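Residue-level structural notes
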Amino acid sequence: MLTDDFDPLQGKMLSILDKDGKVNEALEPRIEDAKLLHAYKTMVLTRIADDKAVRLQRQGRLGAYPPSRGQEASQVGPALALEKGDWLVWAFRELGALLLRGVPLWRLYLYWMGNEEGSVLEGDVSLTPSAVPVGSQLPHAVGISYAMKYRKESNVVLCYFGDGATSEGDFHEGLNFAGTMRTPVIFLCQNNQYAISMPRKLQTAAPTLAQKACAYGFKGIQVDGNDLLALYAATEEAVARARKGEGPTLIESFTYRMGDHTTSDDATKYRLAEETAYWSARDPISRFRVYLERKNLWDEKREKEWSEEAARVVEEEVRKAETHAPPALDDAFAHTFATMPEGLREQLEFMRRDLPAKREG
Amino acid sequence: MAVMNMVQAINLALREEMERDESVVCLGEDVGVDGGVFRVTEGLFERFGKERVIDTPLAESSIVGTAIGMAMNGLRPVAEIQFLGFIYPAYQQFVSHAARMRNRTRGRLTVPMVVRAPYGAGVKALEHHSESTEAIFCHIPGLKVVVPATPLEAKGLLTASIRDPDPVIFLEPTRSYRLLKEEVPEGEYVVPLGQARKVREGKDVTIVGWGAMLPIIQKAVESLEKEGISPEVLDMRTLAPMDYSSVVSSVKRTGRCVVVHEAPRNLGLGAEISARVMEGALLSLQAPVERVTAPDITVPLPKGENYYYISPERVVNGVKRAMSF
Ligand SMILES: Cc1ncc(C[n+]2csc(CCOP(=O)(O)OP(=O)(O)O)c2C)c(N)n1
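Below you will find a few notes about this structure.

Rules behind the numbers
- Residues numbered from 1 in each chain as written.
- Chains lettered and ligands numbered in written order.
- Predicted model: local features only at pLDDT ≥ 70, side-chain atom pairs only at ≥ 80, totals over all residues.
- Heavy atoms only, no water.
- Helix = DSSP H or I, 4+ residues; strand = E, 2+ residues; numbered from the N terminus.
- Rg over C-alpha atoms; globule rule 2.2 N^0.38 Å.
- Contact = heavy atoms within 4.5 Å.
- Areas by Shrake-Rupley, 256 points an atom, 1.4 Å probe, with all protein chains shown as cover.
- Lys, Arg positive; Asp, Glu negative; His and termini not counted.
- Charge placed at Lys NZ, Arg CZ, Asp CG, Glu CD.
- Expected span 1.5 Å × (residues − 1).
- Buried < 20%, exposed > 50% of the residue type's maximum accessible area, 1.4 Å probe, protein only.
- Pairing = 2+ DSSP bridges.
- Axes fitted to C-alpha atoms, helices over the stretch in contact; angles between N-to-C directions.
- Buried area = accessible area lost by both parts, 1.4 Å probe.
- Salt bridge = Lys/Arg side-chain N within 4 Å of Asp/Glu carboxyl O.
- Polar contact = N/O pair within 3.5 Å; in protein donor to acceptor, adjacent residues only side chain to side chain.
- Near = heavy atom within 4 Å.
- Nonpolar A, V, L, I, M, F, W, Y, C, P; charged D, E, K, R; others polar.
- Parallel < 35°, antiparallel > 145°, perpendicular 65-115°, else oblique.
- Left-handed = near helix turned anticlockwise from the far one by under 90°.
- Phe/Tyr/Trp six-rings, centres within 6.5 Å; stacked < 30°, edge-to-face > 60°.
- Lys NZ or Arg CZ within 6 Å of the ring centre and 35° of its normal.

**Considering the overall build of chain A**
- Within chain A, the regular secondary structure consists of 14 helices and 7 strands.
- The C-alpha radius of gyration computed for chain A amounts to 21 Å, which stays within 12% of the reference 21 Å derived for 361 residues, consistent with globular compactness.
- Principal-axis analysis of the C-alpha atoms gives chain A an extent of 70 × 50 × 40 Å.
- At a minimum sequence separation of 6, the contacts of chain A that also span at least 24 residues come to 75%.
- When the accessible surface of chain A is totalled, it reaches about 15600 Å², and 52% of it is carbon and sulfur.
- Placing the 46 positive and 54 negative side-chain charges of chain A at their respective mean positions leaves the two points 1 Å apart.

This is how it looks when you write it as structure tokens:
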């Protein structure tokens, strides 16, 4: 068991693909080629789409946005271990995981542009909406996984959150519930070293976040968060455990937020350039590319083709989002209750008359 | 006198109170090294050090709970909750402890703390960053709730809040943070809590508002005046305990009352103000109290915000309904 071999209380961290793309063969997970390629392409797409979102914000075409740069493996790796029917519960900085799960990029742009229609998802997506109040989604993941267990399904829940979230009561209560109920849930903490300006070491006096699992009676593991293979391997093991009815796991993905907290933030106020440089030499995408190239799955030509294709896709998705109709007044009222109460209908009628003619955002 | 915006005025009040009284400490998420996400606490960490400007872990319940403990034991904490929309994990601490500590200990233990939080819509913010939920705090006996409308007011009201013997929730309208600059004096400047401010005299109608609604009311007043209507405007500024008698005496003269708030209508403070006016000035009323409020829906995302947020036009409409009743 990886969770036994890499005990966070003994200061161990799981790493399989080092920063230069050299793989530890003894630990290398078996992943089909198609899946490896899908993961890589999604990471590249995530980066391009993410950079685009930041640029759109700067141009006033998109609202405040939390960049994912640097966390692509941390987002894509764990989600790669999911099957259809497994749920994804996320916070707000998981673009890569969402794209891997097939959420249309233009919907995500539309959401960040401030249009509720961006939250419309068709089909059976097994996905919660973003959870902006930090840590508040963890108990939901427990409840969703409880329902799976109750119906004797073999599905699992993968729940993302940040290092800052581990300070909230909801984190501790959620883990405690999951431990006592032994529900099939994987808690994936993206420790990107900061919660806005707060460095991880001021967030908790504990040396790792992974070890917090011990207090709730289940296993925790710290994983190199820029190493897609390690993230996949750790999650796959946790997923297998959960499917067998052996309860939850906490995975701490040790990564780094290369960008600002959001486009409203200025990270130079609280962190040093040297630190960012250190992490930029540990980029999750470039080391994975080396790995694929060594396996003869990737080369310069394919790289060029895919980055052009991804850039084209991103532009197309932006166009789709930007040409989407603005929300109507009724849309703001429609989903308050299943059936609109009479009083609310009257308010809607009143607002139709009371609002000035030109009013779209 | 220096000309400054509301962020700078709040910063000045904090700085001066910390200079004056060593028991004043600041705590919250990103208030120290970063200087706060809106830069309200900028420079305080450098000036007063990490013992007095405390970067806390990310946990609202513990920020408020810890502040309560500090206040019970001789400190005067000024806690920041990054946005009002994230205060709810701490609601228990407010309701079950801060509000009633004095009562439960028969006055032995008290909670002289201030909890500051930016709030309100009109800035096209992300989800949960636009709510105006002052009413759920005003409803709790034992809590004071204060909302400044201008930089000068912010300085005076925050100073009074820090010196107040009871817990104060100090709500800072995000929209007003950098909207207006005015002269703010350095040194002692206190605006007593619990008193409304008459922003302008008028004879036809009393418009009641607070915080970010005042500049919007001001715009409405400009167009109403052109039509020969003379509104009186009151800034309530302390929402709990509210200065209802100022409203009642104004309405006794004008005969009409329009309450403007950006919070939803149902059980918003407009409902209570309306009841008080009815109790105190029924025979002077020439029209029912008009409420210009948001509808009872979740604040829409930015592209739908104008369906929700109060506009000067809607205030004008409300006043005209009262005038033509
Ligand atoms: C309950 C709550 N408090 C405060 C905030 C404001 N806020 C947004 S993100 C954030 C930091 C979150 O840090 P972390 O959990 O590490 O996730 P990251 O942003 O690094 O991805 C804060 C304080 C919030 N959204 N929710």
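Now that the structure has been shown, we can carry on.
**Overview of helix 11 (residues 312–323) of chain B**
- Over its 12 residues, helix 11 of chain B extends 16 Å from the first C-alpha to the last, a length consistent with the 16 Å expected when each residue adds 1.5 Å.
- For helix 11 of chain B, the complete set of buried residues consists of R314, V315, V316, G318, V319 and A322 of chain B.
- At its buried positions, helix 11 of chain B is contacted by helix 14 (342–354) of chain A together with strand 10 (205–209), helix 8 (213–226), strand 13 (257–264) and strand 14 (290–294) of chain B.

**Description of the sheet that holds strand 11 (residues 231–235) of chain B**
Residue and element names in this part refer to chain B.
- Sheet architecture is open: 5 strands sit in the order 9-11-10-13-14, paired in mixed fashion. Lying at the two open borders of the sheet, with one neighbouring strand each, are strand 9 (197–200) and strand 14. Each neighbouring strand pair of the sheet contributes to a mean axis angle of 25°, computed without reference to strand direction.
- Bridge count between strand 13 and strand 14: 4 bridges; the pairing is parallel. Across the sheet, residue P264 finds its bridge partner in strand 14, namely A294.
- Where helix 8 meets the sheet, its contacts fall on strand 9, strand 10, strand 11 and strand 13, and the angle it forms with strand 11 comes to roughly 175°.
- Helix 9 (residues 244–254) rests against strand 9, strand 10, strand 11 and strand 13 of the sheet, and its axis sits at about 180° to strand 11.

**Overview of the pairing of strand 5 (residues 114–119) of chain B**
Residue and element names in this part refer to chain B.
- For strand 5, a buried count of 6 out of 6 residues is recorded, marking the element as mostly surrounded by other parts of the structure.
- When strand 4 (residues 76–80) meets strand 5, the two strands line up parallel, connected through 3 bridges. Residue pairing across strands places E80 opposite R116, the latter belonging to strand 5.
- Across 6 bridges, the pairing between strand 5 and strand 7 (residues 168–173) is parallel. Among the inter-strand pairings, R116 is bridged to a residue of strand 7, identified as F170.

**Things to note about the interface of chain B and chain A**
- Opposite the 37 residues of chain B that make contact, chain A presents 39 residues.
- Summed over both sides, the interface of chain B with chain A buries roughly 3300 Å², with 60% coming from carbon and sulfur.
- In terms of surface lost to chain A, no three residues of chain B exceed L58, K303 and Y307 of chain B, which account for 26% of the buried area on that side.
- Where chain B packs against chain A, one counts 2 salt bridges.
- Between D354 of chain A and R321 of chain B there is a salt bridge, with its nearest N and O atoms 3.1 Å apart.
- At the junction of chain B and chain A, the tally comes to 11 residue pairs in polar contact (both at pLDDT 80 or more).

**Thoughts on the site of the ligand**
- Lining the immediate surroundings of the ligand are 20 residues, of which R93, V132, G164 and Y194 of chain A together with E60 of chain B lie closest.
- Each of chains A and B places residues next to the ligand.
- Side-chain polar atom of R93 of chain A to an oxygen atom of the ligand: 2.7 Å apart, as the coordinates give it.
- G164 of chain A is positioned with one of its backbone polar atoms (N or O) 2.7 Å from an oxygen atom of the ligand.
- Here the ligand loses 94% of its free accessible area of 580 Å² to cover by the protein chains.
- Here the shell around the ligand is composed, by residue class, of 10 nonpolar, 5 polar and 5 charged.

**Re the environment of V205 of chain B**
All names here are of chain B.
- Mapped onto the fold, V205 is located in strand 10.
- Sequence-wise, V205 and T254 are 49 residues apart; in three dimensions their C-alpha atoms are separated by 5.0 Å.
- Every residue in contact with V205, bar those within four places of it in the chain, is listed here: I229, S230, P231, E232, T254, R256, C257, V258, V319 and M323.

**Observations regarding the packing of helix 1 (residues 6–20) of chain B against helix 7 (residues 151–163) of chain B**
Residues and elements named next belong to chain B.
- Running from amino to carboxyl end, helix 1 crosses helix 7 at an angle of 30°, the nearest separation of the two axes being 8 Å. The angle between helix 1 and helix 7 falls in the class roughly parallel. Helix-helix and strand crossings are classified by hand; for helix 1 and helix 7 the assignment is right-handed. Contact with helix 1, carried on its side by M6, A9, I10, L12, A13, L14, E16, E17 and R20, involves P151, A154, K155, L158, T159, I162 and R163 of helix 7 and no other residues of that element.
- Taken together, the residues of the contact of helix 1 with helix 7 break down into 10 nonpolar, 1 polar and 5 charged.

**Some points on the packing of aromatic side chains**
All names here are of chain A.
- Considering all chains together, one arrives at 18 aromatic pairs over all chains under this definition.
- Seen from their ring centres, Y65 and W112 are 5.5 Å apart, and the 85° between their planes marks the pair as edge-to-face. In this pair, Y65 is assigned in the loop between helix 2 (33–58) and helix 3 (72–79) and W112 in helix 5 (residues 105–112), connecting sequence segments 47 residues apart. The same class applies to Y65 as to W112, namely buried.
- Through a chain of ring-to-ring contacts, the aromatic side chains of Y194, F254, Y256, Y270, Y278 and W279 assemble into a single cluster.
- For the cation-ring pair, K41 lies above W306, with the distance from its terminal atom to the ring centre recorded as 4.9 Å.
- Sitting above the plane of the Y194 ring, R271 keeps its charged end 5.4 Å from the centroid.

**Focus: the pattern of salt bridges**
- Under the definition given, this model contains 50 salt bridges over all chains.
- Among the ionic pairs, D20 of chain A bridges to K19 of chain A, the shortest N-O distance being 3.5 Å.
- Accessibility expressed as a relative area gives 48% for D20 of chain A, which makes it partly exposed.
- A salt bridge links K198 of chain B to E232 of chain B; the nearest nitrogen and oxygen atoms lie 3.5 Å apart. With K198 of chain B in strand 9 and E232 of chain B in strand 11, this pair connects stretches of sequence that are 34 residues apart.
- Salt bridges here are not isolated pairs; linked through shared partners, they connect R289, E293, E300 and E303 of chain A.

**Let's talk about unusual backbone geometry**
Residue and element names in this part refer to chain B.
- With omega at -5°, the peptide bond leading from A240 into P241 counts as cis.
- For P241, the location among the structural elements is in the loop between strand 12 (238–240) and helix 9.
- The backbone of R237 sits at a positive phi, close to 45°, despite the residue not being glycine.
- Mapped onto the fold, R237 is located in the loop between strand 11 and strand 12.
- Judged by relative accessible area, R237 falls into the buried class, the value being 7%.

Geometry only, nothing functional implied.
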